[in-house]
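Listed here are the chains, written in short residue letters.
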Amino acid sequence: MGTMSGSMLVFRGALLPITIIHEFQNQIGKRWTKEDNEKYSWLIIDSPGCIHLPGATSTSESFKVALDFARAPPSQSAASEQLHSVLFVICLHNYERFNGFRMNSAMFSAHPEEREILLMEGVAMYVLGMEEMYIDNFESTDAFWKNFNMKTVTVVYLYHYN
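What you see is a predicted model, and the numbers here were worked out from it, not measured in a lab.

### Some details on the overall build of the protein
Turning to step 1, where the next piece is worked out: Scanning the protein for helices and strands turns up four helices and nine strands.
Turning to step 2, where the next piece is worked out: Overall, the protein shows an N-to-C arrangement of helices and strands of β-β-α-α-β-β-α-β-β-β-β-α-β.
Turning to step 3, where the next piece is worked out: Looking at the protein residue by residue over its 162 residues, the buried ones come to 37%.
Turning to step 4, where the next piece is worked out: Sequence-distant contacts, at least 24 apart, represent 71% of the contacts inside the protein between residues at least 6 apart.
Turning to step 5, where the next piece is worked out: For the protein, the accessible area works out to roughly 9700 Å², and carbon and sulfur atoms hold 56% of it.

Next up, the structure:
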């Protein structure tokens, strides 16, 4: 994973209520019109549905680091049962630059092993798709994957064009 020609792949894991997941789902298949472009000049006509991520968004170049943030706590309370594991797979277009900062060095982060990329506040993302992934890895000996066995993770595919 990581840098591709003119883009890079990053991940973010989260526990989210279904109402927030539906906000992303509602953007799938949406296309921006000329009228939308007149209202929001930065929108590209006929581009996919768009959403702004709230606040500064922490992502990781590591799939496992991000997925760990989507893991429900072992002693799941009644409140956390209403939360769903979500993994955001984000393609960042970085041909010239991207709206974020790499925090993958000890000079910038207390945890450089997380390979964090911090995205600026309110960054716009096109919502490309979404799917439910059921994890059935009963025979895995890796303790990390045992935490996800027999669980469903919602995967949301996003694209950021600078």
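### What about the environment of glutamate 114?
Turning to step 1, where the next piece is worked out: Residue position: glutamate 114 is located in the loop between β6 (100-103) and β7 (116-119).
Turning to step 2, where the next piece is worked out: Judged by relative accessible area, glutamate 114 falls into the partly exposed class, the value being 27%.
Turning to step 3, where the next piece is worked out: Sequence spacing of glutamate 114 and serine 60 is 54 residues, and the spatial spacing of their C-alpha atoms is 6.5 Å.
Turning to step 4, where the next piece is worked out: The contacts of glutamate 114, once residues within four sequence positions are left out, are Ser60 and Val65.

### Observations concerning the side chain of serine 85
Turning to step 1, where the next piece is worked out: Mapped onto the fold, serine 85 is located in strand β5 (residues 83-93).
Turning to step 2, where the next piece is worked out: A distance of 2.5 Å separates the side chain of serine 85 from the backbone oxygen of alanine 70, its partner in a polar contact.
Turning to step 3, where the next piece is worked out: Not counting residues within four places of it along the chain, the set of residues in contact with serine 85 comprises Ala14, Leu15, Ala70, Ala72, Thr152, Val153 and Thr154.

### With respect to the side chain of threonine 57
Turning to step 1, where the next piece is worked out: Position of threonine 57 relative to the elements: it lies in strand β4 (residues 57-60).
Turning to step 2, where the next piece is worked out: Its relative accessible area of 4% is what places threonine 57 among the buried residues.
Turning to step 3, where the next piece is worked out: Among residues more than four places away in sequence, those in contact with threonine 57 are Arg12, Ile117, Leu118 and Leu119.

### So, the packing of aromatic side chains
Think of a pair of aromatic rings as described by two things: how far the centres are apart, and how the planes are tilted against each other in angle.
Turning to step 1, where the next piece is worked out: Counted under the stated rule, the structure contains five aromatic pairs.
Turning to step 2, where the next piece is worked out: Ring centres 5.0 Å apart and planes at 90 degrees place the aromatic pair phenylalanine 144 and tryptophan 145 in the edge-to-face group.
Turning to step 3, where the next piece is worked out: For tryptophan 145, a relative accessible area of 23% gives the class partly exposed.
Turning to step 4, where the next piece is worked out: Ring pairing ties together the aromatic residues Phe11, Phe63, Phe144 and Trp145, which thus form one cluster.

### Brief notes about the environment of valine 86
Turning to step 1, where the next piece is worked out: With respect to the secondary-structure elements, valine 86 resides in strand β5.
Turning to step 2, where the next piece is worked out: Given a relative accessible area of 1%, valine 86 falls into the buried group.
Turning to step 3, where the next piece is worked out: As a C-alpha pair, valine 86 and valine 153 span 67 residues in sequence and 5.5 Å in three-dimensional space.
Turning to step 4, where the next piece is worked out: What valine 86 contacts, discounting residues up to four positions off in sequence, is Arg12, Gly13, Ala14, Leu16, Ile21, Ala70, Val153, Thr154 and Val156.

### Points about the nonpolar core
Turning to step 1, where the next piece is worked out: Grouped together as the largest cluster of nonpolar side chains are 20 residues, with contacts concentrated most on Phe24, Phe88, Leu92, Met125 and Leu158.
Turning to step 2, where the next piece is worked out: Going through the elements one at a time, β2 (7-17), α1 (18-25), β5, β7, β8 (124-135) and β9 (151-160) are the ones with two or more residues in this core.
Turning to step 3, where the next piece is worked out: Residues Leu67, Leu87, Val153 and Val155 belong to the second largest nonpolar core, which totals 11 residues.

### Describing the pattern of salt bridges
Turning to step 1, where the next piece is worked out: If you walk through the whole model with that rule in mind, you get three salt bridges.
Turning to step 2, where the next piece is worked out: Among the ionic pairs, lysine 64 bridges to aspartate 142, the shortest N-O distance being 3.3 Å. Of this pair, lysine 64 sits in helix α3 (residues 63-69) while aspartate 142 sits in the loop between β8 and α4 (143-146); the two residues are 78 residues apart in sequence, bridging distant segments of the chain.

### So, a nonpolar patch on the surface
Turning to step 1, where the next piece is worked out: A cluster of nonpolar side chains, namely Phe101, Met107 and Phe108, defines an oily patch on the protein surface of about 350 Å² accessible area.
Turning to step 2, where the next piece is worked out: On the secondary structure map, phenylalanine 108 appears in the loop between β6 and β7.

Thresholds applied
- Residues numbered from 1 in each chain as written.
- Predicted model: local features only at pLDDT ≥ 70, side-chain atom pairs only at ≥ 80, totals over all residues.
- Heavy atoms only, no water.
- Helix = DSSP H or I, 4+ residues; strand = E, 2+ residues; numbered from the N terminus.
- Buried < 20%, exposed > 50% of the residue type's maximum accessible area, 1.4 Å probe, protein only.
- Contact = heavy atoms within 4.5 Å.
- Areas by Shrake-Rupley, 256 points an atom, 1.4 Å probe, with all protein chains shown as cover.
- Polar contact = N/O pair within 3.5 Å; in protein donor to acceptor, adjacent residues only side chain to side chain.
- Phe/Tyr/Trp six-rings, centres within 6.5 Å; stacked < 30°, edge-to-face > 60°.
- Core = buried A, V, L, I, M, F, W, Y, C linked by side-chain atoms within 4.5 Å.
- Salt bridge = Lys/Arg side-chain N within 4 Å of Asp/Glu carboxyl O.
- Patch = residues over 30% accessible without salt bridge, like charges linked within 9 Å, V, L, I, M, F, W, Y side chains within 5 Å.

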